[in-house]
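Geometric and topological summary
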Amino acid sequence: MGDMAITRGWRIANLTLEFARDICTWAYPAPYDRYDLTGSAPEDFHDPAHGYLALVDDAGVLVGYRCFGPEGQVPGGSYVGDALDTGGGLRPGLTGRGLGRAAI
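Scope of this entry: the structure provided in the associated data block. None of the values given here were measured: they were computed from a predicted structure. (Residues numbered from 1 in each chain as written. Predicted model: local features only at pLDDT ≥ 70, side-chain atom pairs only at ≥ 80, totals over all residues. Heavy atoms only, no water.)

Here we look at unusual backbone geometry
Cis geometry marks the peptide bond from Ala30 to Pro31, where omega comes out at 5°. Tracing the backbone shows Pro31 in the loop between helix 1 (17-23) and helix 2 (42-46). (Helix = DSSP H or I, 4+ residues; strand = E, 2+ residues; numbered from the N terminus.)

A closer look at the sheet that holds strand 3 (residues 62-68)
With antiparallel pairing, 4 strands are arranged side by side in an open sheet as 1-2-3-4. Both edges of this open sheet fall to strand 1 (11-14) and strand 4 (86-90), since each of them pairs with a single strand only. Geometrically, the sheet is characterised by an average inter-axis angle of 30° between neighbouring strands, direction not taken into account. Of the pairings in the sheet, the one linking strand 3 to strand 4 comprises 5 bridges and is antiparallel in character. Bridge pairing in strand 4 places Gly64 opposite Leu90. (Pairing = 2+ DSSP bridges. Axes fitted to C-alpha atoms, helices over the stretch in contact; angles between N-to-C directions.)

Re the packing of aromatic side chains
Under the definition given, this model contains 4 aromatic pairs. Considering the side-chain rings of Trp26 and Tyr65, the 6.2 Å spacing of their centres and the 40° angle between planes classify their relative orientation as tilted. Taken together, the residues Trp26 in the loop between helix 1 and helix 2 and Tyr65 in strand 3 connect sequence positions 39 residues apart. The pair formed by Trp26 and Tyr65 is uniform in burial state, with each residue classed as buried. (Phe/Tyr/Trp six-rings, centres within 6.5 Å; stacked < 30°, edge-to-face > 60°. Buried < 20%, exposed > 50% of the residue type's maximum accessible area, 1.4 Å probe, protein only.)

Given below as structure tokens:
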């Protein structure tokens with residue numbers, strides 16, 4: 001990914017099947033390897049019913065994803081019914097750079 005225009009021009013886009021396949025290759029170093037998405041089904045990310053959206057840079061390159069609703073909940077958490085839950089992730093090479101706030 002190099003030093004793409006970090007957060008400048010980041011936007012939400014439709015999550016294509018190509019993006020979903022890319023996300024399913026993401027592996028993180030320990031101790032964040034619990035967030036690895038390898039082995040996930042691309043169809044689950046691509047299915048609009050699951051609420052996933054792509055986060056892309058100004059060139060349309062996938063930098064992360066966002067999800068809303070039940071897919072944004074962490075298993076075992078306590079959630080109220082009237083809140084909008086949100087989740088997501090960044091491409092592994094972009095983590096640890098203080099970009100989480102911009103991604104959210």
